[in-house]
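Notes for the structure review
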Amino acid sequence: MLVLTRRKGQAIRIGEDIRIVVTRIDDGQVRLGLETPSGISILREELFEAVRSDNQDAAQSQPGQLEVWLAEHGSGQTQENS
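About the criteria used
Residues numbered from 1 in each chain as written. Predicted model: local features only at pLDDT ≥ 70, side-chain atom pairs only at ≥ 80, totals over all residues. Heavy atoms only, no water. Helix = DSSP H or I, 4+ residues; strand = E, 2+ residues; numbered from the N terminus. Rg over C-alpha atoms; globule rule 2.2 N^0.38 Å. Buried < 20%, exposed > 50% of the residue type's maximum accessible area, 1.4 Å probe, protein only. Contact = heavy atoms within 4.5 Å. Areas by Shrake-Rupley, 256 points an atom, 1.4 Å probe, with all protein chains shown as cover. Lys, Arg positive; Asp, Glu negative; His and termini not counted. Charge placed at Lys NZ, Arg CZ, Asp CG, Glu CD. Pairing = 2+ DSSP bridges. Axes fitted to C-alpha atoms, helices over the stretch in contact; angles between N-to-C directions. Salt bridge = Lys/Arg side-chain N within 4 Å of Asp/Glu carboxyl O.

A count of helical and extended segments in the protein chain gives 2 helices and 3 strands. Element order for the protein chain, N to C, with α for helix and β for strand: β-β-β-α-α. For 82 residues, the compact-globule estimate of 2.2 N^0.38 gives 12 Å, and the C-alpha radius of gyration of the protein chain, at 22 Å, exceeds that figure by more than 25%. In terms of principal-axis extent, the alpha carbons of the protein chain reach across some 60 × 30 × 20 Å. Buried residues in the protein chain amount to 5% of all 82 residues. Considering only intrachain contacts with a sequence separation of at least 6, the fraction spanning at least 24 residues in the protein chain is 0%. Carbon and sulfur atoms make up 48% of the accessible area of the protein chain, which totals about 7800 Å². Taken together, the 9 basic and 13 acidic charged side chains of the protein chain have centroids lying 19 Å from each other.

The strand order across the open sheet built from 3 strands is β1-β2-β3, with neighbouring strands paired in antiparallel fashion. Unpaired on one side and paired on the other, β1 (11-14) and β3 (29-35) mark the two borders of the sheet. Each adjacent strand pair in this sheet contributes to an overall mean axis angle of 25°, direction not counted. Here 4 bridges tie β1 to strand β2 (residues 18-26), and the two strands are oriented antiparallel to one another. Across the sheet, Arg13 pairs through a bridge with Arg19, a residue of β2.

Notably, Asp27 is not glycine yet its phi reads approximately 45°, a positive angle. Within the element layout of this structure, Asp27 appears in the loop between β2 and β3. Overall, Asp27 belongs to the exposed group, its relative accessible area being 84%.

So, on to the pattern of salt bridges. With the rule as written, the count across this model stands at 4 salt bridges. As a salt-bridge pair, Glu35 and Arg19 come within 3.2 Å of each other at their nearest N and O atoms. Placement of the pair is Glu35 in strand β3 and Arg19 in strand β2, with a sequence separation of 16 residues. A relative accessible area of 43% means that Glu35 is categorised as partly exposed. Measuring nitrogen to oxygen at the nearest pair gives 2.5 Å for the salt bridge that ties Arg52 to Glu49. Of this pair, Arg52 and Glu49 both sit in helix α1 (residues 45-59), 3 residues apart, which is roughly one turn of that helix. Residue Arg52 is classed as partly exposed on the basis of its relative accessible area of 40%. For Glu49, a relative accessible area of 32% gives the class partly exposed.

Set out below in structure tokens:
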């Protein structure tokens, strides 16, 4: 891990396309501004971990669990292809 010291208004570059700027420092919190190409996804780590966990759970689900859940929650109507 690279550890850098920056002051308010100073920036860090990652490659040519990503710029991180320290915009504010208050009461032990640092506010960062991120300039990235439009195709780059930026998530807080805790949100990223929650999404990854939910995706792993969904990938491990068994076929038919959706119908069971719908039946248990009052929407037991499913359509089957003819």
